Amino acid sequence: MNKLNRIGPRTENNVNLFPLHQELKPAFMKEVDSHFTEFVNRLIAKSVLLESSTATSTFPVATCSERDLHKPKGLRAPPEHGKLFIARRSLLDELFEVNHIRTIYHMFIALLILFILSTLVVDFIDEGRLVLEFDLLVFAFGKFPVVVSTWLCMFLSTFILPYGLFLQWAQGHCCSSHRKIRSLFFGMLFMLFQSIGLGFGPTYVAVSYALPPASRFVIILEQVRLIMKAYSFIRENVPRVLSSAKEKSSTIPVPQVTQYLYFLFAPTLIYRDNYPRNPMIRWGYVATKFAQVIGSLFYAYYIFVRLCIPPFRNISQEPFNLRGLVLCIFNSILPGVLILFLVFFAFLHCWLNAFAEMLRFADRMFYKDWWNSTSYANYYRTWNVVVHDWLYYYAYRDFLWFFGKKFKAAAMLSVFAVSAAVHEYVLGVCFGYFYPVLFCLFMCFGMVFNFILNDRRKGPIWNVIMWTSLFLGQGVIICLYSQEWYAHQYCPLENPTFLDYVKPRSWDCHIQI
């Protein structure tokens, strides 16, 4: 690249002397770029194969071929034949080293500055003083001591009970004369803990204490994360104990408690005894990522204050009509897309990288280049790799192992249904009402686009179509959920029935005003 940079200025300075060279330059550079891209792709493919062949000696994991996926049930592939963890950086960290990409990041910072200036100027005109109260953030994260105490209970119970149950089961499994009954008993205890201890308990606290939305999000998202982690720990280690008992081994493959504790904090949902680790912690990098998370929170605050609250505050006082709904959706696209970018940047990049750095966790592929997707199938695989890996290995692959490879469509549908239900559950508990907009988008439009905009769709036009539909979907989500939120504020019900909880309040709230 340095040579090309030195050559570049001389070529431009001699453009009048070499017009033929100037005409051939675009074609030449395009050809060089094509060959270079092909070379890099081959190099990456060869490196993956090399990592796969040496995974047993390097890491305690290995890759799994497609034919291993469809082995008979009696020959099920061991759990370590799954995701391969290797040391790699996050994609944005690499892209931000390019000045052109970093300029886009600077543009978002400039937009935040304009939001701040706009809010300060308007507040100064209205109030005659600078207003720096951040009342929306204070409200959204209210009752935080309840959140902290609830999280501690969830974490300690997930740390003690699943590991303790597994340890007791594993130590007595080999010498037990009633292995199936004993395994069923411990399995029922684990499912009871998952459903009541981690399932019902945190939800009851969030609802009974009337926690505000952001505080509920912290509890419910941690609830889902810990449920998935506990399941992964049991799912990965039980087959190892069963194989050890079948081989009549003298040693019981029980992970150390420190390995399980590390997994509970690690930014992955797939359990391994060991992960690739970096040699040192860059505390400056950690501080930068946490600062970016805080900055993203304030960014979201100003988006809601300037773009969401003013148009939706009085929307329930206006009669419903199709024109108003269409305008609401299109006016909500900008804040919806900005919120989407902030969620991706703050959580999937900054938050996960900060914890990965503190734990020296070397595999930073929490997402891929989802913005280049030309199909929704690729978008779902690359948007959130952490959750996708869990759904792929524990829902999709296990479904195919149980029912057979002929049911791929049913397996995909089941994964979509589980993901849509969990997303809707999170939003329903956090907002305090049932309005299955996201569920319908997932199960209806998401499934349709997944089959229509599949991996066979290539070219820039399909990327444009994907972005257009994604923008429109964000507008629908922001518009309808905001309308429902203010309808519940303006039109409370004294003695609600079951149908009142199911029926959207925004449909007839304007009649009661």
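The chain is annotated in an unreviewed UniProt entry as Sterol O-acyltransferase 1 from Chelonoidis abingdonii. Per UniProt, the comment on the chain under Subcellular location (unreviewed entry) is "Endoplasmic reticulum membrane". Per UniProt, the chain carries the Sequence similarities (unreviewed entry) text "Belongs to the membrane-bound acyltransferase family. Sterol o-acyltransferase subfamily."

A. Representation of the overall build of the chain. When its secondary structure is counted, the chain shows 21 helices and zero strands. Sequence-distant contacts in the chain: of pairs separated by 6 or more residues, those separated by 24 or more amount to 76%.

B. Broad picture of helix 18 (residues 437-452). Look at helix 18: 21 Å from first C-alpha to last across 16 residues, which is about the 22 Å you get at 1.5 Å a residue. Of all bends in helix 18, the biggest is about 35°, found at G446. Burial in helix 18 covers these residues: V437, L438, F442, G446, M447 and N450. The elements touched by buried residues of helix 18 are helix 15 (376-382), helix 17 (408-431) and helix 19 (460-490).

C. Focus on the packing of helix 12 (residues 283-313) against helix 19. Orientation of helix 12 relative to helix 19, taken along the N-to-C sense of each, is 50°, at an axis distance of 10 Å. The angle between helix 12 and helix 19 places the two elements in the oblique class. As for how helix 12 packs across helix 19, the hand of that crossing is right-handed. Side by side, helix 12 and helix 19 meet where C308, I309, F312 and R313 of the first sit next to I478, C479, S482, Q483, Y486 and Y490 of the second. By residue class, the composition of the contact of helix 12 with helix 19 is seven nonpolar, two polar and one charged.

D. Geometry of the pattern of salt bridges. For the coordinates displayed, the defined rule picks out 10 salt bridges. Among the salt bridges present, the one from R89 reaches E97, with a minimum N-O distance of 2.8 Å. With a relative accessible area of 44%, R89 lands in the partly exposed category. Since its relative accessible area comes to 55%, E97 is described here as exposed. Across the pair E236 and R272 runs a salt bridge whose closest N-O atoms are separated by 3.4 Å. Of this pair, E236 sits in helix 10 (residues 213-246) while R272 is found in the loop between helix 11 (257-265) and helix 12, placing the two residues 36 residues apart along the sequence. Pair check on accessibility: E236 and R272 agree, each one buried. By sharing partners, the salt bridges in this structure join R282, E357 and R364 into a single network.

E. Structural detail: the nonpolar core. F233, F344, F361, W370 and L470 are the most contacted members of the largest nonpolar core, which has 71 residues in total. Those residues in contact with F361 that lie beyond four places of it in its chain are F85, Y262, A266, P267, T268, Y275, P276, N278, A356 and F366. Residues Y433, V437, F442 and M447 belong to the second largest nonpolar core, which totals 23 residues.

F. Layout of the confidence of the model for the chain. Averaged over all residues, the pLDDT of the chain equals 81, while 82% of them reach at least 70. For the chain, helix 3 (residues 55-58) is the element with the lowest average pLDDT, namely 35, and helix 11 is the one with the highest, namely 95. Here residues 1-21 is a poorly scored stretch, pLDDT under 50, and it has three contacts once near neighbours within four places are set aside; other chains count. Throughout residues 44-80 the model reports pLDDT below 50, and contacts reaching past four residues in sequence, or to other chains, amount to 53 contacts.

G. Representation of the environment of C175. Relative to the helices and strands, C175 is located in the loop between helix 8 (144-173) and helix 9 (179-208). For C175, a relative accessible area of 66% corresponds to the exposed category. As a C-alpha pair, C175 and A245 span 70 residues in sequence and 9.1 Å in three-dimensional space.

H. Region of the structure containing helix 12. In a regular helix each residue adds 1.5 Å, so 31 residues correspond to 45 Å; helix 12 covers 43 Å between its end C-alpha atoms and thus fits that length. Of all the bends found along helix 12, the most pronounced is centred on F304 and spans about 40°.

I. View of the side chain of N463. The residue N463 is located in helix 19 in this model. Of note is the side chain of N463, whose polar atom sits 2.7 Å from the backbone oxygen of S373. Here N463 is in contact with W371, N372, S373 and T374, once residues within four sequence places are set aside.

J. Here's a closer look at the packing of aromatic side chains. Per the stated rule, a full pass over the model turns up 57 aromatic pairs. A centroid spacing of 6.5 Å and a plane angle of 85° characterise the contact between F134 and Y302, whose relative ring orientation is edge-to-face. Residue F134 is found in the loop between helix 6 (99-127) and helix 7 (135-140), and its partner Y302 is found in helix 12; the two are separated by 168 residues along the sequence. In this structure F134 comes out as partly exposed when scored by relative accessible area, which is 23%. When its relative accessible area of 5% is taken as the criterion, Y302 is described as buried. Ring geometry for F399 and F403: centres 4.6 Å apart, planes at 40°, overall tilted. Taken together, the residues span about one helical turn, with F399 and F403 both in helix 16 (residues 385-403) at a distance of four residues. Over the aromatic face of F263 sits the side chain of K229, whose NZ or CZ is 4.2 Å from the ring centroid.

K. The arrangement of unusual backbone geometry in detail. Here the phi dihedral of K143 falls at roughly 55°; this positive angle occurs in a residue that is not glycine. Of note, K143 is situated in the loop between helix 7 and helix 8. Since its relative accessible area comes to 44%, K143 is described here as partly exposed. Residue R360 is not a glycine yet carries a positive backbone phi of 60°. Within the secondary structure layout, R360 lies in the loop between helix 14 (333-358) and helix 15. The class for R360 is partly exposed, based on a relative accessible area of 27%.

L. Highlighting the environment of L198. Structurally, L198 can be placed in helix 9. Residue L198 is classed as buried on the basis of its relative accessible area of 0%. Along the sequence, L198 and Q223 sit 25 residues apart, while their C-alpha atoms lie 6.2 Å from each other. Residues contacting L198, with those up to four places away along its chain left out, are M154, S157, T158, F193, Q223, L226 and I227.

Reading the values: rules and limits
- Residues numbered from 1 in each chain as written.
- Predicted model: local features only at pLDDT ≥ 70, side-chain atom pairs only at ≥ 80, totals over all residues.
- Heavy atoms only, no water.
- UniProt positions renumbered as here; feature names shortened; annotations may be inferred.
- Helix = DSSP H or I, 4+ residues; strand = E, 2+ residues; numbered from the N terminus.
- Contact = heavy atoms within 4.5 Å.
- Expected span 1.5 Å × (residues − 1).
- Bend = angle between axes of the 7 residues up to and from the residue.
- Buried < 20%, exposed > 50% of the residue type's maximum accessible area, 1.4 Å probe, protein only.
- Axes fitted to C-alpha atoms, helices over the stretch in contact; angles between N-to-C directions.
- Parallel < 35°, antiparallel > 145°, perpendicular 65-115°, else oblique.
- Left-handed = near helix turned anticlockwise from the far one by under 90°.
- Nonpolar A, V, L, I, M, F, W, Y, C, P; charged D, E, K, R; others polar.
- Salt bridge = Lys/Arg side-chain N within 4 Å of Asp/Glu carboxyl O.
- Core = buried A, V, L, I, M, F, W, Y, C linked by side-chain atoms within 4.5 Å.
- pLDDT = per-residue confidence, 0-100.
- Polar contact = N/O pair within 3.5 Å; in protein donor to acceptor, adjacent residues only side chain to side chain.
- Phe/Tyr/Trp six-rings, centres within 6.5 Å; stacked < 30°, edge-to-face > 60°.
- Lys NZ or Arg CZ within 6 Å of the ring centre and 35° of its normal.

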